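An overview of the molecular structure
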Amino acid sequence: MTPVVFDLDGTLVHSAPDIHAAVNRMLDGIGQAPLTLATVGSFVGRGVPSLVDRVIEHLDLDPGRHDDMVAAMLEHYNRAPADLTRPYPGVPEMLETLAARGHPLAVCTNKPEAPARRVLSLLGLGTHIAAVVGGDSLSRRKPDPAPLRHTFALLGHETGLFVGDSEVDAECAQRAGVPFLLFSGGYRKGPVTDLPHHAVFDHFGDLAGLVAPASV
Ligand SMILES: O=C(O)COP(=O)(O)O
Ligand SMILES: [Mg+2]
């Protein structure tokens, strides 16, 4: 059966509210005013170090503070990774359906691996997820194709399908030569038509029907 690899933030889970809370706790710790959910949400997609780069740029802070800000943000985030985070509608049922059909399932995210595993487990989504590759699992992260290829390798396969929400995921899939199924309800920055994709869907109830014809 074709393996199916999922992105996490903005794909399986709406996680921006907890990322937002952790960023604002970190900013509070350095005497900065909070940012809005929309602003922080627009910084999600390339991993925590890039998110902090964007915060520094946005607030015109000293780039020398980057590593301390990343550490503080992660400390706050790891303490509460799923207080406000929820699976998108239909995600638990979709994972059950694909697992029952025999598709090997995995996650390839730019979120660090430890909190990614915690989020999956706290939300009861981890049962059928056979492998998790995070933004810190390898030296390169999406849109580099290496993490996606590595995720398929952990499942014992060379390729499969990738399901994600963003420009980063679409580019990663394209560079890895993997068919990409685009969830339109996540944290994409531009129009759907700007992202190379094999198929697009707006509810996870529709995904199982797309996986079979797209299988490689
Ligand atoms: O943490 C991020 O910046 C993005 O994570 P994702 O790859 O699961 O969308
Ligand atoms: Mg995402």
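Residues numbered from 1 in each chain as written. Chains lettered and ligands numbered in written order. Predicted model: local features only at pLDDT ≥ 70, side-chain atom pairs only at ≥ 80, totals over all residues. Heavy atoms only, no water.

1. What to know about the site of ligand 1
To keep things clear, this is the line we draw: Here, proximity means that at least one heavy atom of the residue falls within 4 Å of the molecule or strand. For this analysis, a polar contact is any N or O atom pair within 3.5 Å, provided that within protein one partner can donate a hydrogen and the other can accept it, and provided that sequence-adjacent residues contribute only side-chain to side-chain pairs. In this description, accessible areas are obtained by the Shrake-Rupley approach with a 1.4 Å probe, and a residue is regarded as covered only by the protein chains that are shown. Residues are sorted three ways: Asp, Glu, Lys and Arg are charged, Ala, Val, Leu, Ile, Met, Phe, Trp, Tyr, Cys and Pro are nonpolar, and all the rest, Gly among them, are polar. The split of the chain into domains comes from an automatic or database domain assignment.
As a matter of local geometry, ligand 1 sits amid Asp 7, Leu 8, Asp 9, Val 44, Gly 45, Arg 46, Gly 47, Thr 109, Asn 110, Lys 111 and Lys 142. A distance of 2.8 Å separates an oxygen atom of ligand 1 from a polar atom in the side chain of Asp 7. In this structure, an oxygen atom belonging to ligand 1 sits 2.5 Å away from a side-chain N or O atom of Thr 109. For ligand 1, whose accessible area on its own is 280 Å², the fraction buried by protein is 96%. Along the lines of polarity and charge, the residues of the shell around ligand 1 split into two nonpolar, four polar and five charged. If you count residues domain by domain, the shell around ligand 1 takes at least three from each of domain 1 (4-14 + 87-214) and domain 2 (16-79).

2. Topic: the pairing of strand E4 (residues 105-108)
Going by this rule: Burial here depends on accessible area, computed with a 1.4 Å probe over protein chains only, as a share of the maximum for the residue type. Under 20% is buried, over 50% is exposed, and the range in between is partly exposed. Labels follow the DSSP assignment, with helices taken as runs of H or I lasting at least four residues and strands as runs of E lasting at least two, numbered in each case from the N terminus. We treat two strands as partners when DSSP finds at least two bridges between them. Consider the strands pointing away from the viewer: the crossover is right-handed when the path from the first strand over the helix to the second runs clockwise.
Side chains Leu 105 and Val 107 of E4 all project onto a buried face; the interleaved residues Ala 106 and Cys 108 project onto the opposite face, where all are buried too. Where strand E1 (residues 4-6) lies against E4, three bridges are found, and the strand directions are parallel. By the bridge assignment for E4, Phe 6 is matched with Val 107. Sheet topology places E4 next to strand E5 (residues 129-133); four bridges connect them, and they run parallel. Among the inter-strand pairings, Cys 108 is bridged to a residue of E5, identified as Val 133. Once the chain exits E4 it traverses helix H6 (residues 113-122) before rejoining the sheet at E5, and the crossover so formed is right-handed.

3. As for the domain arrangement of the protein chain
As a reminder, the rule being used: Contact definition: two residues touch when any of their heavy atoms are within 4.5 Å. Two parts placed together each lose some accessible area; with a 1.4 Å probe, that loss summed over both constitutes the buried area. Any Lys or Arg side-chain nitrogen located within 4 Å of an Asp or Glu carboxyl oxygen qualifies as a salt bridge.
Here the protein chain is partitioned into domain 1 (4-14 + 87-214) and domain 2 (16-79). Across the contact, twelve residues belong to domain 1 and 14 residues belong to domain 2. Of the roughly 1100 Å² buried between domain 1 and domain 2, counting both surfaces, carbon and sulfur atoms make up 56%. Looking only at domain 1, the three residues that lose the most surface to domain 2 are Arg 141, Tyr 187 and Lys 189, adding up to 32% of its buried area. Inspection of the region where domain 1 meets domain 2 yields zero salt bridges.

4. Considering the packing of helix H3 (residues 48-59) against helix H4 (residues 66-79)
For clarity, the cut-off: Helix axes are fitted to C-alpha atoms over the stretch in contact, other axes to C-alpha atoms as well, and angles between N-to-C directions run from 0 to 180 degrees. In this scheme the handedness of a crossing depends on how the near helix is turned from the far one: anticlockwise by less than a right angle means left-handed, clockwise means right-handed.
Put simply, H3 and H4 touch, their axes get as near as 10 Å, and they point 120° apart. You can see that H3 and H4 cross each other, and the crossing is right-handed. Two secondary-structure elements touch here, H3 through Val 48, Pro 49, Val 52, Asp 53, Val 55 and Ile 56 and H4 through His 66, Met 69, Val 70, Met 73 and Leu 74. Grouping the constituent residues of the contact of H3 with H4 by class yields nine nonpolar, one polar and one charged.

5. Notes on the UniProt feature "active site" (unreviewed entry) in the protein chain
Spelled out, the test is: UniProt positions are given in the numbering used here, feature names are shortened, and annotations may be inferred rather than shown by experiment.
Mapped onto the present numbering, the UniProt feature "active site" (unreviewed entry) falls on Asp 7. Examined against the element boundaries, Asp 7 turns out to sit in the loop between E1 and strand E2 (13-14). With a relative accessible area of 5%, Asp 7 lands in the buried category. If we skip the residues at most four places from it in the chain, Asp 7 touches Leu 12, Cys 108, Thr 109, Lys 142, Phe 162, Val 163, Gly 164, Asp 165 and Asp 169. A distance of 2.7 Å separates the side chain of Asp 7 from the side chain of Lys 142, its partner in a polar contact.

6. Here's the deal with helix H7 (residues 146-154)
Note that an α-helix has 3.6 residues per turn; residues three or four places apart therefore point the same way. Looking at H7, one finds that the buried residues are Ala 146, Pro 147, Leu 148, Thr 151 and Phe 152. Check the buried side of H7 and you find it contacts E1, E4, E5, strand E6 (161-164) and helix H8 (167-176). Looking at the residues trailing H7, positive phi occurs at Gly 156, about 85°.

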